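The primary structure of each chain is shown beneath.
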Amino acid sequence: MIASHLLAYFFTELNHDQTQKVDKYLYHMRLSDETLLEVSQRFEKEMEKGLGADTNPTASVKMLPTFVRSTPDGTEDGDFLALDLGGTNFRVLRVKVSDNGLRKVEMENQIYAIPEELMRGSGVQLFDHIAECLANFLDKLQIKDKKLPLGFTFSFPCHQTKLDESILVMWTKGFKCSSVEGRDVVSLLRKSIKKRGDFDIDIVAVVNDTVGTMMTCGYDDHNCEVGLIVGTGTNACYMEEMRHIDLVEGDEGRMCINMEWGAFGDDGVLDDIRTEFDREIDMGSLNPGKQLFEKMISGMYMGELVRLILVKMTKEGLLFGGRLTPDLLTTGHFETRFVSAIEKEKEGLQKAHEILSKLGLEPSHEDCLATLRICQIVSTRSASLCGATLAAVLRRIKDNKGVERLRSTVGVDGSVYKKHPHFARRLHKTVRKLLPDCEIRFIRSEDGSGKGAAMVTAVAYRLAAQHKARQNILEPFKLSHEQLLEVKERMRIEMEKGLAKETHAEATVKMLPTYVCSTPDGTEKGDFLALDLGGTNFRVLLVRVRNGMRRGVEMHNKIYSIPVEIMQGTGEELFDHIVHCISDFLEYMGMKGVSLPLGFTFSFPCQQNNLDEGILLKWTKGFKATGCEGEDVVGLLKEAIHRREEFDLDVVAVVNDTVGTMMTCGYEDPYCEVGLIIGTGTNACYMEEMRNVELVEGDEGRMCVNMEWGAFGDSGCLDDIRTEFDVAVDELSLNPGKQRYEKMISGMYLGEIVRNVLIDFTKRGLLFRGRISERLKTRGIFETKFLSQIESDCLALLQVRSILQHLGLESTCDDSIIVKEVCTVVARRAAQLCGAGMAAVVDKIRENRGLDFLKITVGVDGTLYKLHPHFSNILHETVKQLSPKCEVTFLQSEDGSGKGAALITAVACRIREAGQR
């Protein structure tokens, strides 16, 4: 009993001793966590170098763009061919992908040999042979008459310029065909097929096997955005943000990068962790100084590393009694599959004994233990290094996405990963240790190079079909130069109708006279009060206008709220409340008892019969005060002032905010004779010749006309350019059939148009994988400010994603690009339509004055104009194109409704005084 215990103890001690001996000897191969983190960080720097335009030429990790811009979403469908050329055999496959809710992939394939003489012959012969085999395969399946899309896996170093164009950099793996290097392999294959003339195929994509691996796994798991191969060689690819890829035009979306990471360290950055054995392997290889990282990791070298260590330890008398055999001294005789066999849990030591004996050695139990330990150290280092670089890739994806926790999947292929008993587990462990805050799944790829190529093709086909479908839907939003000229013409006709006495009644663009007959000339001076009533808040302002040396405007104001019960009570209550606020303001300013001229901005539909007389046509914006409609609001205000008997005010002008905008800018720029508002709503005004304003007596001079142009199109004259989405938005609005032009342009409606387009896309399966969130179905949920945020260039697509998340939508990168495109198209059309209207206005002014060329300024206000990143530029551009004989400057207004009202009053007072003199 005791004897057996002693024996067991003796063996454990022995094991321990052998292990320690090897551990000590291979101290440099056992990498600490600190070292792995260091390797990971170095690799991240190498990735940066490969992506940068200036640093790429000298970078060792080449980071090649693959032009694969999207991973599968599961809706791929169709019949595809794949060619897989990467060694002495090549395969032809037919892959059927079906999406009838069951997502399945069926494959048939045939393997063809490439005779030795073809591998070294001419390129033409090689591609003719491939075309021949392809024809044979199509014949067998009886599909020669179909023109099927084909994906080509070509596993040699290539420089890709398009998805279907790949230039061979150099042959590897024993191939030496003449006149292929430096040429596009797709066109060579196309040539060979064309020459035969018995079948036709559509070569859609050239793929590297690593990318194929990612795509195959991506079909089963939509989170898969990294491909990894650890077999004879090693490489990885992942989805990178376009904005970081300097070598390819464009910043939108993502693209798969084929890293070619085997070359990590070729510039010396791994010299401090490479051992004498790594150097020895490199010296004896076919490509000394190249692929140094791969030589520390991949299957092609793992067995050889173990052999070199065994030889050196034996020479030093630490193994096999110091006895070497010719077999052990022969390069390549210790195969990588031996490493896997020896590391197997149960039969490992026995396998070690068999393998070492076959090499002519007479191993003791200790020798077998030592050999097992050497294999463990070499394969563990391989898995750890691989984990360190993979962690760098995943960390980069995490930073790109700006998320707290990354959930991602890595698709893996390769004999070492799949066949070595512990490699995968050790790799996963390293990644988790270096990235504790990420959830990473690993899935094994089944046939990445065959099925993967078909998947890349299937995705390219799906993207092309979906892109086409989306463009067809967006087409009606894209207005041609001719269509915009037509809109300008029609606006001109509607303006004429509104100005003429006999057509005014049925005109939709009302062209209301404002009785403002002059813009500021800079000599205005004095103190003026302004009232601004246009919503639930109400402002009182004191505006001091100075002239001469200290010319300028100084303002003081106070905001008062209007309670709902007063908005919906009687007119007397409303105007008493307003006068109460004025009284409070005058007291606040210490100006009780001063009689000042007052301008009243009243932003409701009015008919003006004089500068100081505005008849309220109808309340809007939630006001319902009784006894006001049909009455003169200035009269109502004056009565309320008399009722209070506290102060007297001289109400000089009732003003619309658009006119106020023109006047405010007119004070800064004497050329300003047009006002434009593009905010929640839209409107414009301009200085018209009195002789054309038939509703007002007199032909001398000019008068500002408030166009109320939002109603343009209510007569049906824009029906040919309104889309189904405009109609839907109009029908569900508070005033169907009214303000149609405004509904295609202004801030209140653009978000709603976008929302309707997004729903349509989703219903057709062109967006959000066909899933509509409840929130997206809610009217008004897509705010117009989102358009401005989504289109501001600096925020890239992360901004879009967070807005979509707020709307309860799980979006991919592709979805974000599509949403941005819809926003761009809708906002662009709005700006162009607005520009067409403005072009009609400035050309009318030019013709009124009989000029060949007009220089004029437009005063503009409104959130859409001020906040949207591109609206103003497109508007300016459109006016320039449609009115080439006008030089139009746009000036942003500051506070048209407050300061503007005071300036109108100041101008009126100036003219009144001049008349009195």
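Here the residue numbering is sequential within each chain, running from 1 through the sequence in written order. Only residues with pLDDT of at least 70 are given local features in this predicted model, and only at 80 or more are side-chain atom pairs given and counted; all residues enter the totals for whole chains, interfaces and linings. The basis for every side-chain value is the complete set of non-hydrogen atoms in the structure, without hydrogens or water.

**As for the nonpolar core**
Side-chain atoms within 4.5 Å link the members of a nonpolar core, which is a set of buried Ala, Val, Leu, Ile, Met, Phe, Trp, Tyr and Cys residues. When accessible area is computed with a 1.4 Å probe and restricted to protein chains, residues below 20% of their type maximum are described as buried, those above 50% as exposed, and intermediate ones as partly exposed. The biggest cluster of nonpolar side chains holds 113 residues, and the ones touching the most others in it are W709 and M838. Counting residues in hydrophobic clusters, the runner-up holds 112 residues, among them V97, V226, I245 and A341.

**Observations concerning empty space enclosed by the protein**
Only protein atoms enter the 1 Å grid used here. Points where a 1.4 Å probe fits but cannot escape make up a cavity, open sets with protein on both sides within 12 Å along at least five of seven lines make up a pocket, and a residue lines them when an atom lies within 4 Å of a point. Grid points are joined across faces, edges and corners, and a volume is the space filled by probe spheres set on the points. Counted under the stated rule, the structure contains two cavities of 30 Å³ or more. What the largest cavity holds in volume is close to 110 Å³. Every residue along the wall of the largest cavity is listed here: L64, P65, T66, F154, F156, C158, Q160, S166, V206, V207, N208 and N258. Broken down by secondary-structure element, the contributors of at least two residues to the lining of the largest cavity are strand 1 (64-65), strand 6 (158-162) and strand 8 (202-207). Classification convention: Asp, Glu, Lys, Arg as charged; Ala, Val, Leu, Ile, Met, Phe, Trp, Tyr, Cys, Pro as nonpolar; all other residues, Gly among them, as polar. Looking at the lining of the largest cavity, its residues break down into seven nonpolar, five polar and no charged. Each helix corresponds to a stretch of at least 4 residues labelled H or I by DSSP, and each strand to a stretch of at least 2 residues labelled E; elements are numbered beginning at the N terminus.

**With respect to the packing of aromatic side chains**
In summary, the pairing rule links any two rings of Phe, Tyr or Trp, Trp by its six-membered ring, whose centres are within 6.5 Å, and it sorts them by plane angle into stacked for under 30 degrees, edge-to-face for over 60 and tilted for everything else. Counted according to the given criterion, the structure contains 24 aromatic pairs. Taking the centre distance of 4.9 Å and the plane angle of 70° together, the rings of F43 and F264 count as edge-to-face. Residue F43 is located in helix 2 (residues 33-51), and its partner F264 is located in the loop between strand 11 (254-258) and helix 7 (276-283); the two are separated by 221 residues in the primary sequence. For the residue pair F43 and F264, the accessibility class agrees, reading buried in each case. Seen in terms of ring centroids, F154 and F156 are 5.0 Å apart; in terms of plane orientation they differ by 55°. Their pairing is tilted. Of the two residues, F154 and F156, both sit in the buried class.

**Section: the packing of helix 6 (residues 209-220) against helix 15 (residues 451-474)**
Each axis is a line fitted through C-alpha atoms, taken for helices only over the stretch in contact, and angles between the N-to-C directions span 0 to 180 degrees. Packing of helix 6 against helix 15 brings their axes to within 7 Å, and their N-to-C directions diverge by 70°. One way to sum up the angle between helix 6 and helix 15 is to call them roughly perpendicular. Facing helix 6, whose interface residues are V211, G212, M215, T216 and Y219, helix 15 presents K451, G452, M455, V456 and V459. The cut-offs work like this: below 35 degrees is roughly parallel, past 145 is roughly antiparallel, 65 to 115 is roughly perpendicular, and the gaps in between are oblique. The contact criterion used is simple: two residues touch if any of their non-hydrogen atoms lie within 4.5 Å.

**Description of the pairing of strand 25 (residues 854-861)**
Among the eight residues in strand 25, seven count as buried, and that is most of the element. Between any two strands, pairing holds if DSSP finds at least two bridges. In this structure, strand 22 (residues 672-678) lies alongside strand 25, joined through five bridges in parallel fashion. Residue pairing in the sheet places G675 in a bridge with G859 of strand 25. Here seven bridges tie strand 25 to strand 26 (residues 886-892), and the two strands are oriented parallel to one another. By the bridge assignment for strand 26, K855 is matched with E887.

**Thoughts on the sheet that holds strand 13 (residues 438-444)**
If you walk across this open sheet you meet the six strands as 1-11-10-9-12-13, and the pairing is mixed. The two strands at the open ends of the sheet, each matched to only one other strand, are strand 1 and strand 13. Two strands pair when backbone bridges link them, and strand 9 (residues 224-230) and strand 10 (residues 234-241) are joined in this way by five bridges, in the antiparallel orientation. Its bridge partner being in strand 10, V230 is matched across the sheet by T234.

**As for the sheet that holds strand 23 (residues 682-689)**
Strand order across the open sheet formed by six strands is 14-24-23-22-25-26, with mixed pairing between neighbours. Two strands bound the open sheet, and with one partner strand each, they are strand 14 (512-513) and strand 26. In this structure, strand 22 lies alongside strand 23, joined through five bridges in antiparallel fashion. When the sheet's bridge partners are listed, I677 is paired in strand 23 with N683. Most of the contacts of helix 27 (residues 813-848) go to strand 23, to which it runs at about 5°, and overall it touches strand 22, strand 23, strand 25 and strand 26.

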